[in-house]
Structure formats: C-alpha cells, structure tokens
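Notes for the structure review
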Amino acid sequence: QVQLVESGGGLVHAGGSLRLSCAASGRMFSNYVMGWFRQAPEKEREFVAAIKWSSGSTYYADSVKGRFTISRDNAKNTVYLQMNMLNVEDTAVYYCAVRHFPGIVTNPSGFRSWGQGTQVTVSS
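None of these values were measured; they are calculated from a predicted model.

**A look at the pairing of strand β5 (residues 46-52)**
Burial runs high along β5: 5 of the 7 residues are buried. By the bridge criterion, 6 bridges tie strand β4 (residues 33-39) to β5 in an arrangement that is antiparallel. Looking at the pairing, W36 lines up with A49 of β5. In this antiparallel pair of consecutive strands, β4 and β5, the connection spans 6 residues, and E42 shows a positive phi of 65°. Relative to strand β6 (residues 58-60), β5 is paired through 3 bridges, and the arrangement is antiparallel. When the bridges of β6 are listed, I51 appears paired with T58.

Right, dumping it as structure tokens:
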C-alpha cells in the first residue's frame, strides 16, 4: 500500500505561484499514474493533472493548462505540482493520488491511494 503526504500549500495573492509536493512511501511500480485533484468547498473533487510514473507523460485539465506543471522525481518517490498565475478560482484543498493501473483517467474513482490534502488559498 502506497502512503502519500502532500506539502507546500498556503496563502498566496492572485498572480502568484506555489509548488506542491507529494512524497510517496512504499513501492512505486512503473505502470502507476500519479494525479493531483482539488476540491473547493461545496464542490466535487476535480481532476487537475496526472503523470505516468515510468514515462513522465503528462495530462492537464483545461482550466490549468499553461499555468500548472506536474513533474516527478523517481529517485525521491515524489511528484510535484508547480502552480503559476494563480487565481481565486484555484482556491481548494489539493490532493495527490495514485492509480495502480496504466493509463491516465480523470475520474477520482480511478485512483486508489490518497493523501490527506493541503490547502491552497488565493486572495484577490
């Protein structure tokens, strides 16, 4: 079972940047997919970005494309989410998750292991 711990959240002004980290403990298999999701108050959890653990191929939600970058460090078992040009609509709890099957999906039900989340608040 993979354990995930997110960090890097905080309060930032609109237009600013944050980098989230997600450290994974346990064995990461080459066919795993790592994803970032977010959930704002009274809204459903939504897909943000994903990366294939072996190849590094990435996929983004349209709302963050061009502003956010997902990356991973296989040696450190860590995935990152660099968030630039943040706006108030990006305010949410951000979660990282592991999909134990190949192929990128955007439905949260396709991911098995979840971190505890980290709060990102963007002020206007």
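**Some details on the sheet that holds strand β8 (residues 78-83)**
Paired through their backbone hydrogen bonds, the strands of a sheet run either parallel or antiparallel. Here 4 strands make up an open sheet; going across it, the order is β1-β3-β8-β7 and the pairing antiparallel. Looking along the sheet, the strands with just one partner apiece sit at the ends: β1 (3-7) and β7 (68-73). On average, each strand axis in the sheet is inclined to that of its neighbour by 15°, with strand direction left out of account. Where β1 meets strand β3 (residues 18-25), 5 bridges bridge the pair, whose relative direction is antiparallel. Note that in β3 the partner of E6 across the bridge is C22.

**A few points about the state of the cysteines**
By the definition in use, this model includes 1 disulfide. At a sulfur-sulfur separation of 1.9 Å, the disulfide partner of C22 is C96. Handedness of the C22-C96 disulfide follows from its S-S torsion of about 55°: it is right-handed. Residue C22 is located in strand β3, and its partner C96 is located in strand β9 (residues 92-99); the two are separated by 74 residues in the primary sequence. For C22, a relative accessible area of 0% gives the class buried. Owing to a relative accessible area of 0%, C96 belongs among the buried residues under this scheme.

Rules and cut-offs
Residues numbered from 1 in each chain as written. Predicted model: local features only at pLDDT ≥ 70, side-chain atom pairs only at ≥ 80, totals over all residues. Heavy atoms only, no water. Buried < 20%, exposed > 50% of the residue type's maximum accessible area, 1.4 Å probe, protein only. Helix = DSSP H or I, 4+ residues; strand = E, 2+ residues; numbered from the N terminus. Pairing = 2+ DSSP bridges. Axes fitted to C-alpha atoms, helices over the stretch in contact; angles between N-to-C directions. Disulfide = S-S within 2.5 Å.

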